[in-house]
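Structural overview for review
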Amino acid sequence: MLYRIVTYGCQMNVHESEKIAGLLEGMGAAAAKDGERADIVVFNTCCIRDTAERRALGNIGVIKGEKRKDPSLIIAVCGCMTQQEGAAETIKERYPYVDIVLGTRNIFRLPEEIKRVQDARAAMKKRSDKRYRAFDTEYAEDYLALDEATPVTRTSFPNAWVNIIYGCNNFCTYCIVPYVRGRELSRPMPAVLDEVKRVVDEGYKEITLLGQNVNSYGHDLSGGESFEALLRAIDRIDGKFRVRFMTSHPKDLTDGVIAAMAESDKICSNIHLPVQSGSDKVLRDMNRRYTRDRYFSLIEKLRAAMPDIGITTDVMVGFPTETEDDFADTMDLVRRVRFSNAFTFIYSPRKGTPAASMTQIPYAVKRRRIGELIKLQNSVTKELSEDYVGGVYEVLAEDVSPKHEGMLCGRTESGRLVTFPGAPERIGEFVKVRINEARSASLTGTTED
Ligand code: SAH
Ligand code: SF4
Ligand code: F3S
């Protein structure tokens, strides 16, 4: 039995696909190679923006042809899209060839549902006999315990993803995540520490802690756990490895977390701190619960504690209440902070969220604004990249370069992407690289050892 998993969305989903792979391999299935026919295809979907949703639906549509040629194919859809109001029913009606739909908190049911689909097919005497289809997006009550028991097939060596908190309680007015991922649930600290120790023992060199808002880690636990305490405990684990985390919400980033980052050996001087907007009015309308001044003061504290820190962000343009003046505030903030990189998005109305029922801004205006923003950030990124030229940095060799033969790529502690010569055997090694050339977002260098 061969499987193929098609993943959309954030790192959380990338890691969840590793759990889906673990579950399928637990049933004796193996990953199909590129171009090879699969028996099971799983779509792990995202619905953060309309584009993400359309891409997934488009590909679920395309597989219809494959299924027609090969009726034994099993098709499953899971992930955030399935958890939207009415989505499971829509998939059931509009995509009759989809066999299984599972949600974001019951994925461990996949093997039993596959088994049922197979058993029902084996028992069918005629093609017109009723087939078995599964549509279940209920959140499992004992989710944490069931998740703890889910096997993981890791696919991102030398990086290992480790979940620390699920769900989100913040309800930013534009965002669908709290509706599709449920309320915050922190994993117990011993479980997280055990997993980190295990992957370090297995040879992983970079651990990325995952959560929609890692700074709320522990709020729902009763033993005084906090993200700061977790970082300090992970830093005490033996071995040579790096730790990154995402995502941090500015409203909950404490002085303690900044101190833990600065005082640790293993926690990278690197943070992804989404700002979304530089306008206090828009931040208020988004329910972000911080001001631009508070954001500037966090940036100052981070840079005072870690002068070489790499700071990246998410910025959104075209939120319904964003005027030209508000957008100018965003441009001003981006110009002043000097992010090493920014992920920029056009606001996309999400059904059921408060911002979706406000009066929307014309698309042409949003397009112009994002164009200006990208141009500004590109020039900042390029300038900051030039500061690296001539320096020697420790880089973790992470992968072969997708563009240049004989080259590897990896990142500095601050999170900057570096391309350098090396054989694939060196993936997973820490390498000293002298930077010779800076393009906009990527640096090129030569190895010193
Ligand atoms: N939990 C993270 C964000 C997860 S979503 C945080 O709070 O920072 C990743 C990014 O997608 C967000 O930071 C935001 O910039 C963007 N995003 C979320 N909802 C969006 C929407 N409706 N339209 C456009 N971009 C959106
Ligand atoms: Fe969405 Fe806000 Fe939660 Fe991030 S913090 S997932 S943007 S609601
Ligand atoms: Fe998308 Fe769900 Fe992540 S909506 S961005 S896959 S949490």
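What counts as what
Residues numbered from 1 in each chain as written. Chains lettered and ligands numbered in written order. Predicted model: local features only at pLDDT ≥ 70, side-chain atom pairs only at ≥ 80, totals over all residues. Heavy atoms only, no water. Helix = DSSP H or I, 4+ residues; strand = E, 2+ residues; numbered from the N terminus. Pairing = 2+ DSSP bridges. Axes fitted to C-alpha atoms, helices over the stretch in contact; angles between N-to-C directions. Contact = heavy atoms within 4.5 Å. Polar contact = N/O pair within 3.5 Å; in protein donor to acceptor, adjacent residues only side chain to side chain. Phe/Tyr/Trp six-rings, centres within 6.5 Å; stacked < 30°, edge-to-face > 60°. Buried < 20%, exposed > 50% of the residue type's maximum accessible area, 1.4 Å probe, protein only. Lys NZ or Arg CZ within 6 Å of the ring centre and 35° of its normal. Near = heavy atom within 4 Å. Nonpolar A, V, L, I, M, F, W, Y, C, P; charged D, E, K, R; others polar. 1 Å grid on protein atoms, 1.4 Å probe; cavity = no way out; pocket = protein on both sides within 12 Å on 5 of 7 lines; lining within 4 Å. Points joined across faces, edges and corners; volume = space filled by probe spheres on them.

Cis geometry is found at the peptide bond from Phe-157 to Pro-158, where omega equals 5°. Position of Pro-158 relative to the elements: it lies in the loop between helix 5 (143–148) and strand 7 (159–163). The amide bond that connects Met-246 to the next residue, Thr-247, takes the cis arrangement and shows omega of 5°. Relative to the helices and strands, Thr-247 is located in the loop between strand 11 (242–246) and helix 9 (255–263). Residue Gln-276 is not a glycine yet carries a positive backbone phi of 70°. Relative to the assigned elements, Gln-276 resides in the loop between strand 12 (270–272) and helix 10 (280–285).

Here we come to the sheet that holds strand 12. Within the open sheet, the 3 strands sit side by side as 12-13-14. Their pairing is parallel. In this open sheet, the two edge strands, each paired with only one partner strand, are strand 12 and strand 14 (341–346). This sheet shows a mean twist of 10° between the axes of neighbouring strands, independent of strand direction. As defined by bridge partners, strand 12 adjoins strand 13 (residues 310–317) across 3 bridges and the pair is classed as parallel. Bridge pairing in strand 13 places Ile-271 opposite Ile-311. Across the sheet, helix 13 (residues 363–386) touches strand 13 and strand 14, and the angle it forms with strand 14 is around 175°.

All right, on to the side chain of Thr-150 then. Here Thr-150 shows up in the loop between helix 5 and strand 7. At 2.9 Å, the side chain of Thr-150 and the backbone oxygen of Leu-146 are in polar contact. Residues contacting Thr-150, with those up to four places away along its chain left out, are Lys-19, Leu-23 and Phe-108.

A few words now on the packing of aromatic side chains. A full pass over the atoms with the stated rule returns 11 aromatic pairs. Ring geometry for Tyr-388 versus Tyr-393: centroids 5.0 Å apart, planes at 45°, classification tilted. The partly exposed category is assigned to Tyr-393, whose relative accessible area is 25%. Within the aromatic cluster, the residues linked to one another by ring pairs are Phe-108, Tyr-143 and Tyr-166. Above the ring of Tyr-139, the side-chain terminus of Arg-105 is found at 5.1 Å from the ring centroid. In this structure, Lys-240 is placed above the aromatic ring of Phe-430, and the distance from its NZ or CZ to the ring centre is 4.4 Å.

Hydrogen bonds between backbone groups are what pair the strands of a sheet, and the pairing can be parallel or antiparallel. Taken together, 5 strands build a closed barrel; the order of strands is 15-16-17-19-18 and the barrel is mixed. Going from strand to strand, the sheet's axes swing by 55° on average, the running direction of each strand aside. By the bridge criterion, 5 bridges tie strand 15 (residues 392–400) to strand 18 (residues 430–438) in an arrangement that is antiparallel. When the sheet's bridge partners are listed, Glu-394 is paired in strand 18 with Lys-432.

As paired elements, strand 1 (residues 2–7) and strand 2 (residues 30–31) share 2 bridges and run parallel to each other. By the bridge assignment for strand 2, Tyr-3 is matched with Ala-31. Two strands pair when backbone bridges link them, and strand 1 and strand 3 (residues 40–45) are joined in this way by 5 bridges, in the parallel orientation. From the neighbouring strand, Ile-5 faces strand 3, where its bridge partner is Val-42.

The next subject is the environment of Gly-22. With respect to the helices and strands, the residue Gly-22 is situated in helix 1 (residues 11–26). The class for Gly-22 is buried, based on a relative accessible area of 4%. Once residues within four sequence positions are removed from consideration, Gly-22 is found in contact with Pro-151, Val-152 and Thr-153.

As a matter of local geometry, ligand 2 sits amid Cys-168, Asn-170, Phe-171, Cys-172, Tyr-174, Cys-175, Val-177, Pro-178, Gln-212, His-249 and Arg-288. When grouped by side-chain class, the residues that make up the shell around ligand 2 number 7 nonpolar, 3 polar and 1 charged.

This part is about the layout of surface pockets. Taken as a whole, the second largest pocket spans an internal volume of roughly 550 Å³. Put simply, the parts of the chain that give the lining of the second largest pocket at least two residues each are strand 13 and strand 15. Considering only residue class, the lining of the second largest pocket consists of 12 nonpolar, 5 polar and 11 charged.

Bridge analysis of strand 16 (residues 407–411) against strand 17 (residues 417–421) gives 5 bridges, and the strand direction is antiparallel. Paired with Leu-408 across the two strands is Phe-420, which belongs to strand 17. Once strand 16 ends, the chain turns through 5 residues before running back antiparallel as strand 17, passing Gly-415 with a positive phi of about 100°. Sheet topology places strand 17 next to strand 19 (residues 442–447); 3 bridges connect them, and they run parallel. Considered in strand 19, the bridge of Leu-417 is made with Ser-442.

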